[in-house]
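Chains, contacts and geometry: an overview
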Amino acid sequence: MELFNTLGRKTERFKPIKEGTVTLYTCGPTVYNYAHIGNLRTMIFFDLVRRAFEFNGYRVKHIMNITDVDDKTIKGSAEMRVSLKEFTELYTGYFFEDLEKLNVEKAGKYTKATDNIEEMQKIILKLMKEGYAYEADDGIYYNVSKFKDYGKLSGMKINGKYSRISNDEYDKENAADFALWKYWDVNDGEVFWTGKLKKGRPGWHIECSAMSLKYLGKTIDVHCGAVDLIFPHHENEIAQSEAYTKQRFVNYWVHGEHLLVNGQKMSKSQHNFYTLRDLEQQGFNPLAFRLMILDSSYRNKLDFTFESLKRYEKTLKKIDISIKALNKIEKYEEKEDNLSRMNLKEKTESLLEEFKKAVNNDLDTHTSLSHFFAVLDLIDSRVNNGRVDRKEFETLRDAVAKMNDFLGVYVNYQIPQEIIDMTEKREALRKTRKFAEADGLRREIEEKGYSIIDLQDNFVLVKKYNE
Ligand SMILES: [Zn+2]
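Residues numbered from 1 in each chain as written. Predicted model: local features only at pLDDT ≥ 70, side-chain atom pairs only at ≥ 80, totals over all residues. Heavy atoms only, no water.

A closer look at the domain arrangement of the protein chain
Here the protein chain is described as being made up of domain 1 (2–256), domain 2 (264–407) and domain 3 (417–463). One C-alpha centre belongs to domain 1, the other to domain 3; they are set 39 Å apart. (Domains from an automatic or database assignment.)

Overview of the sheet that holds strand 15 (residues 302–304)
Pairing in this open sheet of 3 strands is mixed, and the strands run 14-13-15 from one edge to the other. Unpaired on one side and paired on the other, strand 14 (264–265) and strand 15 mark the two borders of the sheet. Relative to strand 15, strand 13 (residues 259–261) is paired through 3 bridges, and the arrangement is parallel. Within the sheet, the bridge partner assigned to valine 261 lies in strand 15 and is phenylalanine 304. (Pairing = 2+ DSSP bridges. Helix = DSSP H or I, 4+ residues; strand = E, 2+ residues; numbered from the N terminus.)

Looking at the pattern of salt bridges
Under the criterion given, the structure shown has 32 salt bridges. The closest approach of N and O atoms between lysine 310 and glutamate 307, which form a salt bridge, is 3.3 Å. Placement of both lysine 310 and glutamate 307 in helix 9 (residues 306–327) is noted, with a separation of 3 residues, approximately one turn of the helix. The class for lysine 310 is partly exposed, based on a relative accessible area of 45%. Residues joined in a network through salt bridges with shared partners are Asp71, Asp168, Lys182, Asp188 and Arg201. (Salt bridge = Lys/Arg side-chain N within 4 Å of Asp/Glu carboxyl O. Buried < 20%, exposed > 50% of the residue type's maximum accessible area, 1.4 Å probe, protein only.)

Some points on the pairing of strand 12 (residues 250–256)
Each regular strand displays side chains that alternate between the two surfaces of the sheet. Counting buried positions over the 7 residues of strand 12 gives 7, a clear majority of the element. As judged from the 6 bridges shared by strand 11 (residues 220–226) and strand 12, these two strands associate in the parallel manner. Its bridge partner being in strand 12, histidine 223 is matched across the sheet by tryptophan 253.

Some words on helix 3 (residues 84–101)
The terminal C-alpha atoms of helix 3 lie 26 Å apart, and with 18 residues this matches the ideal 26 Å at 1.5 Å per residue to within 8%. Just beyond helix 3, the residue with positive phi is asparagine 103, at close to 60 degrees. (Expected span 1.5 Å × (residues − 1).)

What about the sheet that holds strand 3 (residues 21–26)?
Read across the sheet, 5 strands follow the order 5-4-3-11-12 without closing on themselves; strand pairing throughout is parallel. The sheet is open, and its two edges are formed by strand 5 (109–112) and strand 12, each paired on a single side. With strand direction ignored, the average angle separating the axes of adjacent strands in the sheet is 25 degrees. Taken together, the 6 bridges between strand 3 and strand 4 (residues 59–66) define a ladder with parallel strand orientation. Among the inter-strand pairings, tyrosine 25 is bridged to a residue of strand 4, identified as isoleucine 63. Together, strand 4 and strand 5 form the strand contacts of helix 3, whose direction differs from that of strand 4 by roughly 145 degrees. (Axes fitted to C-alpha atoms, helices over the stretch in contact; angles between N-to-C directions. Contact = heavy atoms within 4.5 Å.)

What about the packing of helix 5 (residues 204–216) against helix 6 (residues 230–245)?
Relative to each other, helix 5 and helix 6 sit at 50 degrees, their axes nearing to 9 Å. Of the possible angle classes, the one that applies to helix 5 and helix 6 is oblique. For the pair helix 5 and helix 6, the crossing hand works out as right-handed. Taking contact as the criterion, the partners of Trp204, His205, Ile206, Cys208, Ser209 and Leu213 in helix 5 are, on helix 6, Pro232, His233, Asn236, Glu237, Gln240, Ser241, Tyr244 and Thr245. By residue class, the composition of the contact of helix 5 with helix 6 is 6 nonpolar, 7 polar and 1 charged. (Parallel < 35°, antiparallel > 145°, perpendicular 65-115°, else oblique. Left-handed = near helix turned anticlockwise from the far one by under 90°. Nonpolar A, V, L, I, M, F, W, Y, C, P; charged D, E, K, R; others polar.)

Some points on the nonpolar core
Phe53, Leu279, Phe289, Phe304 and Phe372 are the most contacted members of the largest nonpolar core, which totals 82 residues. Tallying contributions element by element places helix 1 (residues 37–55) first for this core, with 11 residues. When residues of this core are assigned to domains, at least three map to each of domain 1 (2–256) and domain 2 (264–407). The contact partners of phenylalanine 289, leaving out residues within four places of it in the chain, are Ile37, Leu40, Arg41, Ile44, Leu102, Leu259, Leu279, Phe304 and Leu309. Among the nonpolar cores identified, the runner-up in size contains 48 residues, and Leu84, Ile140, Leu197 and Trp253 belong to it. (Core = buried A, V, L, I, M, F, W, Y, C linked by side-chain atoms within 4.5 Å.)

What about the packing of helix 2 (residues 71–80) against helix 3?
It is the contact of helix 2 with helix 3, at a shortest axis distance of 9 Å, that shows an interaxial angle of 105 degrees. Judged by the angle between their axes, helix 2 and helix 3 are roughly perpendicular. Contacts between helix 2 and helix 3 pair Thr73, Ile74, Gly76, Ser77 and Met80 from the former with Leu84, Phe87, Thr88, Leu90 and Tyr91 from the latter.

Concerning the coordination of the zinc ion
Only Cys27 (SG), Cys208 (SG), His233 (NE2) and Glu237 (OE) from the protein coordinate the zinc ion, and they sit 2.1 to 2.7 Å from it. Of note is the zinc ion, whose 4 donor atoms meet at the metal with angles of 69 to 127 degrees in an arrangement that counts as irregular. Mapped onto the sequence, the residues coordinating the zinc ion show the spacing C-x180-C-x24-H-x3-E. With cysteine 208 in helix 5 and glutamate 237 in helix 6, this residue pair connects regions lying 29 residues apart in the sequence. In this structure, cysteine 208 and glutamate 237 share a single accessibility class: buried. (Donors = N, O, S within 2.8 Å, 3.2 Å for Na, K, Ca; no water. Tetrahedral: all angles 85-135°; square planar, octahedral: opposite > 155°, others 65-115°.)

Structural data, given as structure tokens:
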């Protein structure tokens, strides 16, 4: 499997630290708002990295952090007049809902920054002791000039003069000493920790160093994020972690590009800022958005327009029809035409082989999708003509299922018949406007561990998250 490594800027053959296992850390959301579709493109990218490893038979140990304390979450909770915990739990819940709708696999563990303060303090104390960090009036800062490899990921140079910065997100043009621990001030309200350091709270960058180390070890295989995190966030993570452990922090840095909207950077003031809820309200299936992301390379900027989303919505419906046709087969013809069966098998196997090559070519999702569609064409031509026999059916079914393990463009859960029956009954009740009964049934379904997501003209069943 080949991946483009930002560290060194070249495509490299992947070699794990431990045979058969991949340690993967992905920089998770700051939970101060609904995720916008640009954030969600990144989450789908993470999902594809992880699924690509699984497709190749690796066991993936995947950690994602939830940033539930930083400048933005504190400001947001103060504005809403709720505690930081209540505020961040609200948006964490919405975030998980979005992932579920986009068929993003659950990470092995989601870990909150506020649950790992002790580890952060431990790192900060050692960095101070060894001269990598120093105390200022308002907190503890990392001295970037002390770390000789500073800039090795981003190419950012430290030029004689540089400043000190307490904000979590800062100037992308200049290196600066950054805050590891910020002493409490009145804006922080109830948000502070004490422990081994003076009353305060962690900076954003130290969170990821601490959580990666705690859950995955000193050196990990892969660390992912969006391109805007290369500097300063990931550069700072390297400086903290490598000064602390004296070992290489990450072997492969893999970064996903941004999403534009109508050719522009997304921003609230430009009125081109969309969440998944906005797309759903316009009647789109979240998986159409996933399909759009898959159709382009994670390393290219992608321009989102509603026009193109409409095309993917149509494609998604076609996928749905083919998969349903495949699943509805109850009778098989036993044909004597062995030649046609062999041809189909050979053709399908070669498509699967090409598919795998594309996945392993730095996640060429666009090409892998085209092979998936070629198998769907085979399904359409065989199944819809009633020309399928059992062996052909199994060949096709196994191929699309295997491809979908990576693509995740249709929901592949094995849902018990009982739940399907209940859902259909609920649909019927809703259509006859018996909403109270329908809601009762929905609750019953939820009690059995499933949740229903209603879409415009379709419905999707998904398994509940077990937190
Ligand atoms: Zn991070």
